[in-house]
Amino acid sequence: QVQLVESGGGLVQPGGSLRLSCAASGFQFSLYAMRWYRQAPGKERELVASISSGDFVRNYAESVKGRFTISRDNAKTTVDLQMNSLKPEDTAVYYCNARYTSVVVSRDYWGQGTQVTVSS
């Protein structure tokens, strides 16, 4: 059974930090690119950060560059998102995503999301 379980969300003041973690199971984690998305109320889901299966490539949305860092541990099958200098506009539900694409097959898994609220 495939599972992606996010944790680490919560309420934080502007300028603060949070570290989100996503624990994966039920699939061959090391083969999957991992991504963090977020969705704020009334807005579309947006890609925040991504990391390739071998951790060779990391990409970030312009709005979080220099503040957020994505990392993965293939041995522990986890992917983290370190969020620093948080702003009220970072408030959203954050989702973990696992994606595998080949010539013959594609797989796409999602977690249930974790709420991040940045407010004073």
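The preceding data block contains the structure.
A brief structural summary. (Residues numbered from 1 in each chain as written. Predicted model: local features only at pLDDT ≥ 70, side-chain atom pairs only at ≥ 80, totals over all residues. Heavy atoms only, no water.)

1. Quick notes on the side chain of D90
Here is step 1: Structurally, the position occupied by D90 is in the loop between β8 (78–83) and β9 (92–101).
Here is step 2: At a separation of 2.8 Å, a polar atom in the side chain of D90 contacts the main-chain amide nitrogen of K87. (Helix = DSSP H or I, 4+ residues; strand = E, 2+ residues; numbered from the N terminus. Polar contact = N/O pair within 3.5 Å; in protein donor to acceptor, adjacent residues only side chain to side chain.)

2. Observations regarding the packing of aromatic side chains
Aromatic rings considered in pairs are described by the distance between their centres and by the relative angle of their planes.
Here is step 1: For the structure on display, the rule yields six aromatic pairs.
Here is step 2: A centroid spacing of 6.4 Å and a plane angle of 45° characterise the contact between F27 and F29, whose relative ring orientation is tilted.
Here is step 3: The buried category is assigned to F27, whose relative accessible area is 15%.
Here is step 4: One aromatic cluster in this structure is built from F27, F29, Y32, Y100 and Y109.
Here is step 5: Sitting over the face of the ring of W110, R45 holds its NZ or CZ atom 4.7 Å from the ring centroid. (Phe/Tyr/Trp six-rings, centres within 6.5 Å; stacked < 30°, edge-to-face > 60°. Buried < 20%, exposed > 50% of the residue type's maximum accessible area, 1.4 Å probe, protein only. Lys NZ or Arg CZ within 6 Å of the ring centre and 35° of its normal.)

3. So, the sheet that holds strand β1 (residues 3–7)
Here is step 1: Spatial ordering of the open sheet is given by β1-β3-β8-β7, a layout of four strands whose pairing is antiparallel. At either end of the open sheet lies a strand with only one pairing partner, and these are β1 and β7 (68–73). Ignoring which end each strand starts from, the neighbouring axes of this sheet average 15° apart.
Here is step 2: Strand direction decides the pairing type here: β7 and β8, joined by six bridges, are antiparallel. Bridge pairing in β8 places F68 opposite M83. (Pairing = 2+ DSSP bridges. Axes fitted to C-alpha atoms, helices over the stretch in contact; angles between N-to-C directions.)

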